[in-house]
Amino acid sequence: MITLEFSQKKCEIGFLIFIAAFSALFLHISFEYSEISRLIPVMACSATLALVVVRLVQIFMAKEEGKPVKISPKVALFALVLFVGYLGGTYLIGFTIATALFVALVMWFSDYKKPLLILCITVGYVALMYFLFVKVFSVSLPESLIGF
């Protein structure tokens, strides 16, 4: 099986750049929303970008390279498909169901094989997101094609 090997430092830098690009894109898109609707995305994206910058500075100041990280193209492709599936699922079946499926699948493929643990964390995470966005911030969750 073919695997790619990168230093831990390079992997983390690559991941942080991806997160920063995604946050910047979402930040740009959020300016099309009304003033009240864009408040949470602007705060979240701004905080994410600030934390990425802080972590990049920490990485560049560190002298260690870290252990090598082996990445299988099969695993990388699966992660990409899972991520795109989550985005599409949010649009098709709604944030709540898509998030529950995404969290459960990520936990399962991260070797957490205890169904009760997966169920508890998934339900807790979805409930927390609902409570924070809908009840605390009074922001509705993204709607889906089927109305969830």
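Criteria and thresholds
- Residues numbered from 1 in each chain as written.
- Predicted model: local features only at pLDDT ≥ 70, side-chain atom pairs only at ≥ 80, totals over all residues.
- Heavy atoms only, no water.
- Axes fitted to C-alpha atoms, helices over the stretch in contact; angles between N-to-C directions.
- Helix = DSSP H or I, 4+ residues; strand = E, 2+ residues; numbered from the N terminus.
- Left-handed = near helix turned anticlockwise from the far one by under 90°.
- Contact = heavy atoms within 4.5 Å.
- Nonpolar A, V, L, I, M, F, W, Y, C, P; charged D, E, K, R; others polar.
- Core = buried A, V, L, I, M, F, W, Y, C linked by side-chain atoms within 4.5 Å.
- Buried < 20%, exposed > 50% of the residue type's maximum accessible area, 1.4 Å probe, protein only.
- 1 Å grid on protein atoms, 1.4 Å probe; cavity = no way out; pocket = protein on both sides within 12 Å on 5 of 7 lines; lining within 4 Å.
- Points joined across faces, edges and corners; volume = space filled by probe spheres on them.
- Patch = residues over 30% accessible without salt bridge, like charges linked within 9 Å, V, L, I, M, F, W, Y side chains within 5 Å.
- Areas by Shrake-Rupley, 256 points an atom, 1.4 Å probe, with all protein chains shown as cover.
- Salt bridge = Lys/Arg side-chain N within 4 Å of Asp/Glu carboxyl O.
- Phe/Tyr/Trp six-rings, centres within 6.5 Å; stacked < 30°, edge-to-face > 60°.

Asks: How should I be thinking about the packing of helix α4 (residues 95–109) against helix α5 (residues 115–136) in this particular structure?
Replies: Two quantities define a packed helix pair, namely the angle between the axes and the distance from one axis to the other. Here α4 crosses α5 at 145°, and the two axes come no closer than 9 Å. For the crossing formed where α4 meets α5, the hand is right-handed. The segment α4 lies against α5, with Phe-95, Thr-96, Thr-99, Ala-100, Val-103, Ala-104, Met-107 and Trp-108 engaging Leu-117, Ile-118, Ile-121, Thr-122, Tyr-125, Val-126 and Met-129. Its residues assigned to classes, the contact of α4 with α5 shows twelve nonpolar, three polar and no charged.

Asks: What exactly am I supposed to notice about the environment of Ala-24 here?
Replies: Along the polypeptide, Ala-24 turns up in helix α1 (residues 8–30). As a C-alpha pair, Ala-24 and Thr-48 span 24 residues in sequence and 9.3 Å in three-dimensional space.

Asks: Would you explain the nonpolar core in this entry?
Replies: Burial of nonpolar side chains together is a common tendency in soluble globular proteins. Ile-13, Leu-16, Ala-20, Val-52, Leu-56 and Ile-59 form the largest nonpolar core, which has six residues in total. Residue assignment for this core shows that the elements contributing at least two residues are α1 and α2 (39–61). Not counting residues up to four positions away in its chain, the partners in contact with Ile-59 are Lys-9, Glu-12, Ile-13 and Leu-16. Of all hydrophobic cores here, the second largest spans five residues; its members include Tyr-86, Phe-95, Ala-98 and Leu-141.

Asks: I would appreciate a short explanation of the side chain of Thr-122 in the present structure.
Replies: Structurally, Thr-122 can be placed in helix α5. Once you skip the residues sitting within four places of it in the chain, Thr-122 turns out to touch Ala-100, Val-103 and Ala-104.

Asks: I tried to follow the layout of surface pockets on my own but got confused; where do I start?
Replies: Sizing a probe to match a water molecule and rolling it over the atoms shows the empty space that remains. The calculated volume of the largest pocket comes to roughly 2200 Å³. Elements supplying a minimum of two residues to the lining of the largest pocket: α1, α2, β2 (68–71), α3 (73–93), α4 and α5. Here the element with the most residues in the lining of the largest pocket is α3; it accounts for twelve residues. Classifying every residue of the lining of the largest pocket gives 36 nonpolar, ten polar and four charged.

Asks: Quick question: what am I supposed to make of a nonpolar patch on the surface here?
Replies: Together, Ile-36, Leu-39, Met-43, Phe-131, Val-136 and Phe-137 give the surface a local cluster of nonpolar side chains, amounting to about 600 Å² of exposed area. Contributions of two or more residues to the nonpolar patch are made by α2 and α5. Mapped onto the elements, Ile-36 comes out in the loop between α1 and α2. By relative accessible area, Ile-36 is classed as exposed at 65%.

Asks: Honestly, the packing of aromatic side chains in this entry has me stumped. Any pointers?
Replies: Aromatic ring pairs: the centre-centre distance and the angle between the two ring planes describe each pair. As enumerated under the stated definition, the model contains five aromatic pairs in all. Ring centres of Phe-18 and Phe-22 lie 6.5 Å apart, and the angle between their planes is 20°; on these two criteria the pair is classed as stacked. Of this pair, Phe-18 and Phe-22 both sit in helix α1, separated by four residues, roughly a single helical turn. Here Phe-22 falls in the partly exposed class, since its relative accessible area comes to 35%. The interplanar angle of 70° and the centroid separation of 5.7 Å between the aromatic rings of Phe-22 and Phe-83 together place this pair among those described as edge-to-face. Here Phe-83 lies in helix α3 and Phe-22 lies in helix α1, a separation of 61 residues in the sequence. Counting every residue linked through ring pairs, the aromatic cluster contains Phe-18, Phe-22 and Phe-83.

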